[in-house]
Amino acid sequence: MSAQKDCEFLVKRARELVSDDPCAAKAWLITARTLYPADFNIQYEMYIIERNAERTASAGRLLYDMFINFPDQPIVWREISVITAALRSDSQDKHAQFLRGLFETLPGRVQCEMLLKATEQCFNTLEKAEMLLLLLKRFPESVVQHGVNLGEKLLEAEVSENVENPVNCFRKLFVCDVLPLVINNMDMRLPASLMQKYMLKAAEFYIGYVTRGPSPDVQIQGSQEGGSLKSPTVSRGSQRYVIDGLSEKSSVVAEPWERLLDILAVVGARCEWQGDKGQRGYVDMLQRVKELCRYLPGLEGDTWSRCCSQVVICAALVLFRSAFLYVSAVQPALFQGLNALSSGPWILVEDLSLVYNDLEVERGALKHAHKKRKLADGREKTMGQYRKALSSLHQMAAVQQPQPGQQSPSGPASLEHHRALIQQASCHYALGEYRMACEKLLDVVGGLMAPSQEPTKNPEDQGRVKTKMRKGNDLRLLPCTSKAVLPFCLQLMFACFKLRVFTDSRDDLSLGHVVVLLQHDWPQGEMLFLKAMEKICQQGSFQYENFFNYVTNIDMLEEFAYLRTTEGGRIQLELLPNQGILIKHHTVTRGITKGVKEDFRLAMERQVSRCGENLYSVLHRFCINEKIMIIQSLP
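Small disclaimer: the values here were computed from a predicted structure and weren't measured. (Residues numbered from 1 in each chain as written. Predicted model: local features only at pLDDT ≥ 70, side-chain atom pairs only at ≥ 80, totals over all residues. Heavy atoms only, no water.)

Asks: Is there a simple way to think about helix H10 (residues 169-183) in this case?
Replies: Helical periodicity: at 3.6 residues per turn, an α-helix aligns residues three or four positions apart in one direction. Its 15 residues place the ends of H10 20 Å apart at the C-alpha level, agreeing with the 21 Å of an ideal helix rising 1.5 Å per residue. The axis of H10 is deflected most strongly, by about 35°, at Val-175. Among the 15 residues in H10, 13 count as buried, and that is most of the element. A side-chain oxygen of the first residue of H10 lies 3.0 Å from the backbone nitrogen of Phe-170; this N-cap is Asn-168. (Helix = DSSP H or I, 4+ residues; strand = E, 2+ residues; numbered from the N terminus. Expected span 1.5 Å × (residues − 1). Bend = angle between axes of the 7 residues up to and from the residue. Buried < 20%, exposed > 50% of the residue type's maximum accessible area, 1.4 Å probe, protein only. Polar contact = N/O pair within 3.5 Å; in protein donor to acceptor, adjacent residues only side chain to side chain.)

Asks: Just checking my understanding: could you explain helix H12 (residues 256-270) for this structure?
Replies: Here H12 spans 21 Å end to end across 15 residues, near enough to the 21 Å set by a 1.5 Å rise per residue. For H12, every residue scored as buried is listed here: Pro-256, Trp-257, Leu-260, Leu-261, Ile-263, Leu-264, Ala-265, Val-266, Val-267 and Gly-268. At its buried positions, H12 is contacted by H10, helix H11 (192-210), helix H13 (282-295) and helix H14 (301-330). Glu-272 sits one or two positions beyond H12 and adopts a positive phi of about 60°. (Contact = heavy atoms within 4.5 Å.)

Asks: How should I be thinking about a negative patch on the surface in this particular structure?
Replies: A cluster of like negative charges, contributed by Glu-526, Asp-555, Glu-558 and Glu-559, occupies part of the molecular surface. With 3 residues, the top contributor of residues to the negative patch is helix H24 (residues 554-563). Relative to the helices and strands, Glu-559 is located in helix H24. (Patch = residues over 30% accessible without salt bridge, like charges linked within 9 Å, V, L, I, M, F, W, Y side chains within 5 Å. Areas by Shrake-Rupley, 256 points an atom, 1.4 Å probe, with all protein chains shown as cover. Salt bridge = Lys/Arg side-chain N within 4 Å of Asp/Glu carboxyl O. Lys, Arg positive; Asp, Glu negative; His and termini not counted. Charge placed at Lys NZ, Arg CZ, Asp CG, Glu CD.)

Asks: For this particular structure, what's the right way to read the packing of aromatic side chains?
Replies: The geometry of an aromatic ring pair comes down to the distance between the two centres and the angle between the two planes. With the rule as written, the count across this model stands at 16 aromatic pairs. Ring centres of Phe-67 and Trp-77 lie 5.9 Å apart, and the angle between their planes is 75°; on these two criteria the pair is classed as edge-to-face. Taken together, the positions of Phe-67 in helix H4 (residues 56-69) and Trp-77 in helix H5 (residues 74-88) put the pair 10 residues apart, joining distant regions of the chain. The two residues Phe-67 and Trp-77 agree in class, both being buried. A centroid spacing of 4.7 Å and a plane angle of 65° characterise the contact between Phe-547 and Phe-560, whose relative ring orientation is edge-to-face. Placement of Phe-547 in helix H23 (residues 547-550) and of Phe-560 in helix H24 is noted, with a sequence separation of 13 residues between them. Residue Phe-547 shares its accessibility class with Phe-560, and that shared class is buried. Positioned above the aromatic ring of Tyr-209, the side-chain terminus of Arg-212 is 4.1 Å from the ring centre. (Phe/Tyr/Trp six-rings, centres within 6.5 Å; stacked < 30°, edge-to-face > 60°. Lys NZ or Arg CZ within 6 Å of the ring centre and 35° of its normal.)

Asks: How should I be thinking about unusual backbone geometry in this particular structure?
Replies: The phi angle of most residues is negative, glycine excepted, and most peptide bonds adopt the trans form. Omega for the peptide link from Trp-522 to Pro-523 comes to 10°, which places this bond in the cis form. For Pro-523, the position within the fold is in the loop between helix H21 (508-517) and helix H22 (526-539). Of note in this structure, Asn-162 is not a glycine but carries a positive phi near 55°. Mapped onto the secondary structure, Asn-162 falls in the loop between helix H9 (143-160) and H10. Unlike most non-glycine residues, Glu-272 shows phi in positive territory, near 60°. With respect to the helices and strands, Glu-272 occurs in the loop between H12 and H13.

In structure tokens:
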């Protein structure tokens, strides 16, 4: 008992001196340790002094001694639990960094043993998994022994905890942390069935994560603080997504689709799937699946089984990703974390990239009879789908019709209504119902504000007409904004008139509309404009009294002026209002005819001065003022 009292006295004396004279306190404890080397309280007090002074090396040596000499002391494990908590934490405060540095001073063997024993001390499944994960990350050789077992424990915890949502703390830890360590460890021989099981577990988590919405399984926290995050996956107002059981930072998964692709690449390589080794993009993956499907009928046995697994898994992932990208574009509000307010709705429409192609090129692409029959069969099926879509879109437009005077042209309700009308127009166009298509398009343009400036164009697209032929109806996504919608409406209106104008029959009114519309995207439509000029030359005359109201393109004005010259063929152009009536009543009066020519020259001179006008304002005015005439021009 006297020895115990002596130890207590020495420790007490050191505590009294530590604040005023730490060197003296340390001397007392060194003396005490020399006299009583087996006393835990003396060593612990020495450790506390060094730890509080944040002397990393000396505190680390003392912790090592206590761990070796007093492994059963609860106070030692309390200290170790504080240190391991700092290791698991993402805190950057000074004390946490000191504790992590203290742990680094320990020998690797001791670190490994300490983490293993600390894991055994944990009773909470998630905490135990995080502790073991520390071990796996610091000591990769331990993955062989503990990796698969840890993964299975996490998956079992999902079942025992009755967690139905795959986006949970157990699955997140398994998919994002444990699984990459396991599948990338080439010392482990994993059966293909197990790797495919893990692959599907990862797919469930990542797809569930990107398509998550407000639900009882997650906590959604709103914040009014202004943040600097610009990622499209972060919504306005810095809305935060926290997985139950994890911190906010631990709940964030960066680039989920890319991570899933990384896992697929490793699993595919280890399962001996067909294709290039390493990571592939989703588009390349789909192409590879198409190629595999051609060879599947000739395969058998294990090769056939492997290829089937590859096709099913890869095709399913491409499908889910494509569906997500489409729905998140057209209706981002469905998914948590996507900013619907800043991006606005998108529209699925006909791809008009080939609208300026020559009709002869399009006809020549289908010269073989069997190709025509095949296209006709496919078109019949497609037309049925378009009619079904029209039925749904009509209902949507009726529901989303904004009340007069209650919505601005750029308001959410107006944008949604415009989206439904544009998709209806796109369907009518695909069905060959051009008059109905134009009617919907003009309704949309009528609800748009006249643009203050022309949208900038990509220099690479200037003067370039795409000539590749499509195999069917291609679609594309269009942002539902005035800047994007007006050009699309002009293109689709032109497409509605194109077939009618460039045929053997004469229709000057439709031809005039086409000339006006060809100003958009100039000079991409230059080839078809020259074709229109050839038709006018063949006719010998052309009448379009709205010419000087809406044609301001200098190249077009020069071509029409040239047609009046001797070299141009002295084509009779009736482009002034009431010019035709005037000529008809005074065909024998040379002075009147001369006056008409003078009026034409002066009108051309005035028109040249308008070439700097905003083209989109001119075309917007054309659609508003001539709406009835445009619609009536089509059958």
